[in-house]
Structure formats: C-alpha cells, structure tokens
Amino acid sequence: MDVRVEIAHQASQELLDAFARLLPQLSATANPLDRGAVERLVTSDVNTVLVARAAEGIVGTLTLVLVPLPSGLRGRVEDVVVDDAARGRGIAGLLIQEALRIAREAGARTVDLTSRPDREAANRLYERLGFHARRSTVYRVADV
C-alpha cells in the first residue's frame, strides 16, 4: 500500500474534486463545498486538513481542529472519510495517527472525536488507536 498523508495548504481543483466525491460518503445532509469554503478550511488557524494520497489521487480526508481554551489546548478530529473504493487499506488509521502526531507536537492535552454507534468498524479502529468512550452527553443546537 503506497499511501501518504499530507497537509492540504491550498484549495486546489484536486482538493475541491475530492471533497465533492468524499463528503457525500460521509454525510447525506452536508452541503457541497465551493472553492471559498475549501479555502477557509485550509487557511483557518485552528484547522489542519489532512489528505491521504494514493496512486489514484486523494482517497481520504480528515480535519484536525486545535483550539486554545482556558483549560489548555484541545484537539478534535472531525469529518474522517475514506473513499468507499479505498476502504479496508488502513487509510483512516494513517490519517488519525498523523492527526495525533500533529496534536501531540502542538501540545494538545486531549484529542476527542465522535462517531455514530452504527459505524462499528470505525469505532473499533478508534479504540485500537487509543481512543476511549467518554461518559458524556453531547448537546447540539441545529440551524443557528
């Protein structure tokens, strides 16, 4: 498997095309991203957008969010998605390991992520990589 994980620094056409292909595989309700949205993602001070690149191009993405809070620097892994055609090759694990490395080097105290219970394979992967389920309640206000 020849896959490398790298940080996306610009809203290239390749990255726009990758998000157009990958985002619907992650969420049926996510809106398509235009160039401005991708530019904001990759240039934000709090985001690190990682891409997994294979011979066929970008096959996965992950966004690491690092937020300085009064309790310390905290990380969140968001929107992990690997192309259906590339799943089962360890790509999500490579993306997460790189995100954890970046967070560790930045001095993050913790890194959180959320995953739906029905994503059984993803949840097993997260546990293998050292994540532990927390006893917490997540609250959300939609459409703010």
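Below, the structure is looked at part by part. Since the model is a prediction, treat every value here as computed from it, not as a measurement.

Brief notes about the nonpolar core
Of all hydrophobic cores here, the largest spans 27 residues; its most connected members are L62, L64, V77 and I91. By residue number, the principal contributor to this core is helix α3 (residues 91–106), which donates eight residues. Those residues in contact with L64, other than ones at most four positions away along the chain, are V46, N47, T48, R76, V77, A99, I102 and A103. Counting 15 residues, the second largest nonpolar core, distinct from the first, contains A8, L15, V49 and V81.

Quick look at unusual backbone geometry
One non-glycine residue, D79, adopts positive backbone phi at about 50°. In this structure, D143 takes a positive phi of about 55° despite not being glycine. On the basis of relative accessible area, D143 is assigned to the exposed category, the value being 80%.

Calculation criteria
Residues numbered from 1 in each chain as written. Predicted model: local features only at pLDDT ≥ 70, side-chain atom pairs only at ≥ 80, totals over all residues. Heavy atoms only, no water. Core = buried A, V, L, I, M, F, W, Y, C linked by side-chain atoms within 4.5 Å. Buried < 20%, exposed > 50% of the residue type's maximum accessible area, 1.4 Å probe, protein only. Helix = DSSP H or I, 4+ residues; strand = E, 2+ residues; numbered from the N terminus. Contact = heavy atoms within 4.5 Å.

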